[in-house]
Structure formats: C-alpha cells, structure tokens
Amino acid sequence: MTTAGKSIFSDEGADVSAHHIRVAIRDAIVERRLAPGTKLTETDVGTLFNVSRTLVRGALQALSYEGLVHVEKNRGAFVAHPSPEEARQIFATRRLIEPGIVTEAMKHITPKDVSDLRDLLAAEERLTVERGQSARRAEIKASGDFHLALSAIARNAIMLRFMDELVARSSLVIALYGQSSISSCGHNDHRDIVEALEARDQALACRLMLHHIDHIEADLDLRIKKGADLKEALNL
C-alpha cells in the first residue's frame, strides 16, 4: 500500500486508534489513492501504523458498515467494488436526500455561509486548471466537500453523517465508472446552486441540485459488459 515508495497513509507510525486508522483508510479511498479491489491485510495495515491486528480489524469492520470495505470470510478485507446497480442506488438516494438538504440549508444559511461556500468554489476552480492524477483526486474531494458543507449548513447532524457516507461511496463509484477527465461534479453547477441559495429561491435550488446529480451520473458508464471468452481476450 505504497505509491512511489511512500505510504499512502500520511500519519504512518503515529500513536493511533482504530478511529484514526479508519479515517486514514477512508480518506485514501475517497481521494482514490486506494483503488477498488485493493486488498487490505490486517498485518500490512498494522505494520504501517505500528498497531495490533485487533485494532486494525475494528477499523476495517467500521469501514465495512459504511460500504467502503468488503470483508470476505477466509479471504480478508478489500476496498469495495460497487456494482452498476449499487451505483444507481447511491445516486437515486442522493436525488431523494439532497433537495431536502437544500431546503433545510436555506432556512439557516447566513451571509457568512454564502461567503464560505464561495471560498470553496474558488478553491475548486483553481484545481480545474491543474493536471495529473493528484490534481484530479483533489478536485473530486473538493467537489464532495461542497456537498458536505451544504449538509453542515442544514444543521442536521444525522443528515450530515449520512451524506458523509454517500459522498464517500459516490467517490468510489466515480473512481470505477467515471469517464470524463474533468470533474464529474461540475463546478458551474455548484456556483448556480449557491446563487439560488443566496437569492432564497428554494424551488430553483432544488431543481439545480437534481440537475447536478443527473450531471454526475451521466458521466458514469454503468453498462453491464459481457466478459470476453479466453480466445477473444488473448486475441487468438
């Protein structure tokens, strides 16, 4: 679990808890430093963090509850590999949830909240001009942070926690099925949503959010492909 000789976990060797390990692995998955299907052995993770396998097991189990890690009996834990149907369900859930978040956010949003959202947009826009995998990962994370910021403005801790999971699982889906070299979570869509919130136009903000989620899903290739037989796969 290294990249160019460097651990993907930034706090390697620190005095950590199961929660810390969970957050580190979760961030690596969300930021696409850990690819779907990657095996997460208790021994390897424990060595990286200098902790017991028991502590690692607790962190991996917590991640499995979030749908980010799949634990197989007698095989171990793997970064989840959501199916096309699971991907569709994730975005169907977002269509049900996020217009409600927009509605609640509009009840509580302040001028400072609008200013903070615009700061997020500015940071996101700067990333759109950068190139390379690291910039792409940072851009996708910034896009997810925008949705989490809206959830925080809605002042519903349960909803924020639920959205945290949905955004993480969406990132995993984009890593697997995304087609575009630009952000699937359009910067212009975010800007339009902020403007509708600032104008206190609830109906427009909700419509824009639904359009935005459609935009994200439209960039995914969720077609179920039939695998080639051995002769075809080997070009024989």
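Since we're looking at a predicted model, the values are computed, not measured.

## Some thoughts on the sheet that holds strand β3 (residues 39–40)
Taken in spatial order, the three strands line up as β3-β5-β4 in an open sheet, and their pairing is antiparallel. The open sheet terminates on both sides in strands that have one partner only, identified here as β3 and β4 (69–72). Relative to strand β5 (residues 76–79), β3 runs antiparallel, the two sharing two bridges. If you follow K39 over to β5, its bridge partner there is F78. Running over the sheet, helix α3 (residues 53–65) touches β3, β4 and β5 and is turned about 115 degrees from β4.

## Focus on helix α9 (residues 202–218)
Between its first and last C-alpha, α9 extends 24 Å over 17 residues, near the 24 Å set by a 1.5 Å rise per residue. For α9, the complete set of buried residues consists of A205, C206, L208, M209, H212, I213, I216 and E217.

## A word on the pattern of salt bridges
Per the counting criterion, the structure on display carries 16 salt bridges. In this structure, E42 and R53 form a salt bridge, with 3.3 Å as the shortest nitrogen-oxygen distance. Highlighted residues: E42 in helix α2 (residues 42–49) and R53 in helix α3, separated in sequence by eleven residues. What makes R53 partly exposed here is its relative accessible area of 47%.

## Remarks on the side chain of R26
Tracing the backbone shows R26 in helix α1 (residues 18–30). At 2.9 Å, the side chain of R26 forms a polar contact with the side chain of E66. Not counting the four nearest positions on each side in its chain, R26 is found in contact with L63, E66, L68, D164, E165 and A168.

## Brief notes about the pairing of β5
Strand direction decides the pairing type here: β4 and β5, joined by four bridges, are antiparallel. Within β5, the residue paired with V69 across the bridge is V79. Here β4 folds back onto β5 in antiparallel fashion, the turn holding three residues, of which N74 has a positive phi close to 65 degrees.

## Observations regarding the nonpolar core
Counting 37 residues, the largest nonpolar core has L117, L150 and L197 as the members making the most contacts within it. For this core, the secondary-structure elements that each account for two or more residues are α4 (84–108), α5 (111–128), α6 (133–153), α7 (157–177), α8 (187–198) and α9. With eight residues, α4 is the largest single contributor of residues to this core. Apart from the residues lying within four places of it in its own chain, the contact partners of L117 are I109, F146, A149, L150, I153, V194 and L197. Among the nonpolar cores identified, the runner-up in size contains 24 residues, and V16, I25, L60 and L68 belong to it.

## Some thoughts on the confidence of the model for the chain
Regions with low pLDDT should not have their predicted coordinates read in detail. On average, residues of the chain carry a pLDDT of 84, and 81% of them reach 70 or more. Across the chain, the element-wise mean pLDDT spans from 49 in helix α10 (residues 230–233) up to 96 in α4. Counting interchain partners and residues more than four positions distant, the pLDDT-below-50 stretch residues 10–14 has seven contacts.

## Here's the deal with the packing of α2 against α3
Interaxial distance between α2 and α3 falls to 9 Å at its minimum, and their mutual angle equals 110 degrees. If you check the angle between α2 and α3, you find them roughly perpendicular. For the pair α2 and α3, the contacting residues are E42, T43, V45 and G46 in the first and R53, V56, R57 and L60 in the second. When its residues are assigned to classes, the contact of α2 with α3 shows three nonpolar, two polar and three charged.

## Examining the packing of α4 against α7
The description of two helices packed together rests on the angle between their axes and the distance between the axes. Direction vectors running N to C along α4 and α7 enclose 140 degrees, while the axes themselves pass 10 Å from each other. With respect to their mutual orientation, α4 and α7 come out oblique. By crossing handedness, the relation of α4 to α7 is classed as left-handed. Note on element contacts: α7 touches α4 through M159, F162, M163, L166, R169, S170, V173 and Y177, opposite P84, A87, I90, F91, T93, R94, I97, E98 and I101. Among the residues forming the contact of α4 with α7, the class breakdown is twelve nonpolar, two polar and three charged.

The rules behind these values
Residues numbered from 1 in each chain as written. Predicted model: local features only at pLDDT ≥ 70, side-chain atom pairs only at ≥ 80, totals over all residues. Heavy atoms only, no water. Pairing = 2+ DSSP bridges. Helix = DSSP H or I, 4+ residues; strand = E, 2+ residues; numbered from the N terminus. Contact = heavy atoms within 4.5 Å. Axes fitted to C-alpha atoms, helices over the stretch in contact; angles between N-to-C directions. Expected span 1.5 Å × (residues − 1). Buried < 20%, exposed > 50% of the residue type's maximum accessible area, 1.4 Å probe, protein only. Salt bridge = Lys/Arg side-chain N within 4 Å of Asp/Glu carboxyl O. Polar contact = N/O pair within 3.5 Å; in protein donor to acceptor, adjacent residues only side chain to side chain. Core = buried A, V, L, I, M, F, W, Y, C linked by side-chain atoms within 4.5 Å. pLDDT = per-residue confidence, 0-100. Parallel < 35°, antiparallel > 145°, perpendicular 65-115°, else oblique. Nonpolar A, V, L, I, M, F, W, Y, C, P; charged D, E, K, R; others polar. Left-handed = near helix turned anticlockwise from the far one by under 90°.

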